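# Residue-level structure breakdown
Read off the chains here:
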Amino acid sequence: MTKRLAVIAGDGIGPEVVREALVTLAAVEDVFHPGIQVEHLPYGADHYLRTGETIPAAEMQRLGSDFDAILVGALGDPRVPGNEHARDILLGMRFQLDLFVNERPARLIDERLTPLKGKTPRDLDLIVFRENTEGLYVSVGGTFKQGTPDEIAIAEELNTRKGVERIVRYAFAWATGHGKTRVTMADKANAIPAHQLWRRVFDEVGREHPNIQRDTRYIDAMAMDLVRTPESFQVIVTGNLFGDILSDLASILVGGLGLAPSANRHPGRVTMYEPVHGSAPQLAGKDVANPMAAILTLAIMLDDLGVHEGARVVEQAVYDAITSGIGTADVGGTMGTRAVGEWIGRRVRRGSAAK
Ligand code: NAD
Ligand code: IPM
Ligand code: MN
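Predicted model only: the values in this text are computed from it and were never measured. Sequence order as written defines the numbering, with residues in each chain counted from 1. Going through the entries in the order they are written, you letter the chains from A and number the ligands from 1. Only residues with pLDDT of 70 or above have their local features reported here, since the model is predicted, and side-chain atom pairs are shown and tallied only from 80 upward, although totals for entire chains, interfaces and linings are computed over all residues. Calculated side-chain values reflect all of the structure's heavy atoms, with hydrogen atoms and water omitted.

## A closer look at the nonpolar core
Applicable threshold: To qualify as a nonpolar core, a set must consist of buried Ala, Val, Leu, Ile, Met, Phe, Trp, Tyr and Cys residues joined through side-chain atoms within 4.5 Å. Partly exposed residues are those whose accessible area sits between 20% and 50% of the maximum for their type, while under 20% is buried and over 50% is exposed, using a 1.4 Å probe and protein chains only. To qualify as a helix, a DSSP run of H or I must reach at least 4 residues; to qualify as a strand, a run of E must reach at least 2; elements of each kind are numbered from the N terminus. As used throughout, domain bounds are those supplied by an automatic or database domain assignment.
Counting residues in hydrophobic clusters, the biggest one holds 63 residues, and the most contacted among them are Leu226, Met301, Leu302 and Ile344. Per-element tally for this core: the top contributor is helix α9 (residues 292-304), with 9 residues. Formed jointly, this core draws a minimum of three residues from each of two domains, domain 1 (1-100 + 266-355) and domain 2 (108-256). Counting residues in each nonpolar core, the second largest holds 22 residues, with Ala171, Phe172, Val201 and Phe202 among its members.

## Brief notes about the site of ligand 1
The test is simple: If a single non-hydrogen atom of a residue is within 4 Å of a molecule or strand, that residue counts as near it. Pairing of N or O atoms within 3.5 Å defines a polar contact, subject to two protein rules: one partner must be a possible hydrogen donor and the other a possible acceptor, and residues neighboring in sequence count only if both atoms are side-chain atoms.
In the vicinity of ligand 1, 21 residues are found, and the nearest of them are Leu75, Gly278, Ala280, Gln282 and Asn290. Taking Gly278, its main chain carries an N or O atom lying 2.7 Å from an oxygen atom of ligand 1. The separation between an oxygen atom of ligand 1 and a polar main-chain atom of Ser279 is 3.0 Å.

## Digging into the pattern of salt bridges
The cut-off we apply is this: By convention in these notes, a salt bridge is any Lys or Arg side-chain nitrogen within 4 Å of a carboxyl oxygen on Asp or Glu.
Taken as a whole and judged by the stated rule, the model has 26 salt bridges. Across the pair Glu39 and Arg62 runs a salt bridge, and its minimum N-O distance is 2.7 Å. Of this pair, Glu39 sits in strand β2 (residues 36-40) while Arg62 sits in helix α3 (residues 57-66), placing them 23 residues apart in sequence. For Glu165, the salt bridge goes to Arg169, with nearest N and O atoms at 3.0 Å. Taken together, the positions of Glu165 and Arg169, both in helix α5 (residues 161-177) and 4 residues apart, correspond to about one turn of that helix. For Glu165, a relative accessible area of 21% puts it in the partly exposed group. Sharing partners across several salt bridges, the network here consists of Arg161, Glu165, Arg169, Glu204 and Glu208.

## Observations regarding the domain arrangement of the protein chain
By a frequent convention, interface size equals the accessible area lost on bringing the separate parts together. For clarity, the cut-off: The term buried area means the drop in 1.4 Å probe accessible area that two parts suffer when joined, counted for both and summed. Only Asp, Glu, Lys and Arg are considered charged, only Ala, Val, Leu, Ile, Met, Phe, Trp, Tyr, Cys and Pro nonpolar, and every remaining residue, Gly among them, polar.
For the protein chain, the domain assignment lists domain 1 (1-100 + 266-355) and domain 2 (108-256). For domain 1 versus domain 2, the distance between C-alpha centres works out to 24 Å. When domain 1 packs against domain 2, the two sides together hide about 1400 Å² of surface, and 61% of this comes from carbon and sulfur. On the domain 1 side of the interface with domain 2, the three residues burying the most area are Phe95, Phe100 and Ile322, jointly 44% of the side's total. Inspection of the region where domain 1 meets domain 2 yields 1 salt bridge. Taken together, the elements giving at least two residues each to the side of domain 1 that touches domain 2 come down to α4 (84-96) and α10 (308-323). Class assignment for the residues of the side of domain 1 that touches domain 2 results in 9 nonpolar, 3 polar and 3 charged.

## With respect to the packing of α5 against helix α6 (residues 196-207)
Our working rule: Between N-to-C directions, angles cover 0 to 180 degrees, with each direction set by a line fitted to C-alpha atoms, over the stretch in contact for helices. Here roughly perpendicular refers to angles of 65 to 115 degrees, roughly parallel to angles under 35, roughly antiparallel to angles over 145, and oblique to all remaining angles. Left-handed is the label given to a crossing in which the near helix is rotated counterclockwise from the far helix by less than a right angle, and right-handed is the label when the rotation is clockwise. We call two residues contacting when some pair of their heavy atoms lies within 4.5 Å.
Packing of α5 against α6 leaves a shortest axis separation of 9 Å and a crossing angle of 45 degrees. In terms of their interaxial angle, α5 and α6 are classed as oblique. The two elements α5 and α6 meet at a crossing, and its hand is right-handed. Contact residues: α5 offers Arg161, Val164, Glu165, Ile167, Val168, Arg169 and Phe172, while α6 offers Leu197, Trp198, Val201, Phe202, Glu204, Val205 and Gly206. Considered class by class, the residues forming the contact of α5 with α6 number 9 nonpolar, 1 polar and 4 charged.

## Looking at the sheet that holds strand β9 (residues 213-218)
Backbone hydrogen bonds are what pair the strands of a sheet, in a parallel or an antiparallel way. Let me state the cut-off plainly: A pair of strands is considered paired only if DSSP assigns at least 2 bridges between the two.
Spatial strand order, β2-β1-β3-β12-β11-β4-β5-β10-β8-β9: 10 strands in an open sheet with mixed pairing. With one partner strand each, in any of the chains shown, β2 and β9 form the two edges of the open sheet. Geometrically, the sheet is characterised by an average inter-axis angle of 25 degrees between neighbouring strands, direction not taken into account. As defined by bridge partners, strand β1 (residues 3-10) adjoins strand β3 (residues 69-74) across 5 bridges and the pair is classed as parallel. Bridge pairing links Gly10 to Ala74 in β3. On top of the sheet, α3 reaches β1, β2 and β3; it is set at about 140 degrees to β1, its chief contact. Contacting β5 (125-131), β8 (182-187), β9 and β10 (235-238), helix α7 (residues 219-228) runs over the sheet at an angle of about 110 degrees to β9.

## Re the site of ligand 2
Going by this rule: The accessible surface values rely on the Shrake-Rupley method and a 1.4 Å probe; as for residues, cover is taken only from the protein chains in view.
Around ligand 2 lies a shell formed by Arg94, Arg104, Arg130, Tyr137 and Asp244. Within the side chain of Arg104, a nitrogen or oxygen atom sits 2.9 Å from an oxygen atom of ligand 2. The contact in question runs from an oxygen atom of ligand 2 to an N or O atom on the side chain of Arg130, over 2.8 Å. Out of a free accessible area of 320 Å², ligand 2 has 75% covered by protein chains. Taken together, the residues that form the shell around ligand 2 break down as 1 nonpolar, no polar and 4 charged.

Encoded structure:
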């Protein structure tokens, strides 16, 4: 049975890291034969600048109905200073396909990769569930008297009962399913009364999971504690903007954005997979970007598509690379993007043959 994968490589380092994820996928195909058919979609800054088109509505619809998975590199280009193409394509997928769960795990592979003194892999194994369809990202608001001294810029933060409840439920259900004992929720209810909604829902839903400890923090203290006592966090659930910030912070605690995978989900629908990092324009075209985040993202996808052993072998290949000192400069290595991708591809073939 074939599976259909849509690939939007996007901008900057996006195509470079996606290329290596697909090198890894080719190795998985050779060994496990999952039959994943790749279709490349051209959307990104180049396409937008050439045609004026971000992503056609029919294509967005097709992404939701015709594919088993979507893999994205990154979107964002200095030639599009308003970032409108990235909003239409990336936030477009999240909003229009209603992918309300942004799952961003952060697990330390090797002690050497954390900037935190004395912390080990046992201290750093957490997952952020970021609400992905509401919050400050909804573009509700506008500007008035733009370009004058009286300019006003308003962005409303949207929190719906339904939206808060479904992400909080997802986080507790995930924690229960994965043997976790604590869920932490971060908000700013002391300054933003609307965030009381998060507290009430968290409490109500949490009471349905008596074996899971409920922990609430204000976002400022949360950011501090993530650095001070990362071992106290297992599962974090929070709103869209706070989740964006905390997931970059969590990534650097375990080696940086070059290692951080993510999945954008709505159970029962197509999932969109992407590394947490952006298009890093200053690294683009230099063969220096770390492809491991994209490759670990691929592993999450393989697992979801039922290619469990393939997923495990890919993950292990990345771990083996890190522990053998193989990698790009951001993780202390001396290799280029392509060489790392090729090493991991070879490892996947060998790792599975060794059994
Ligand atoms: P960024 O994630 O591109 O880069 C942040 C820092 O991390 C930079 O120092 C960069 O060099 C480093 N970095 C990122 N990925 C790396 C990798 N694979 N290997 C090694 N180092 C890596 O964030 P930014 O600079 O704030 O944004 C650049 C552009 O990307 C902007 O247009 C932004 O809007 C966009 N962006 C897109 C996404 C996405 O598509 N999901 C995510 C974040 C940012
Ligand atoms: C991310 C990115 C995006 C976000 C940007 C590019 C709009 O930072 O995926 O984390 O803020 O969600
Ligand atoms: Mn981000």
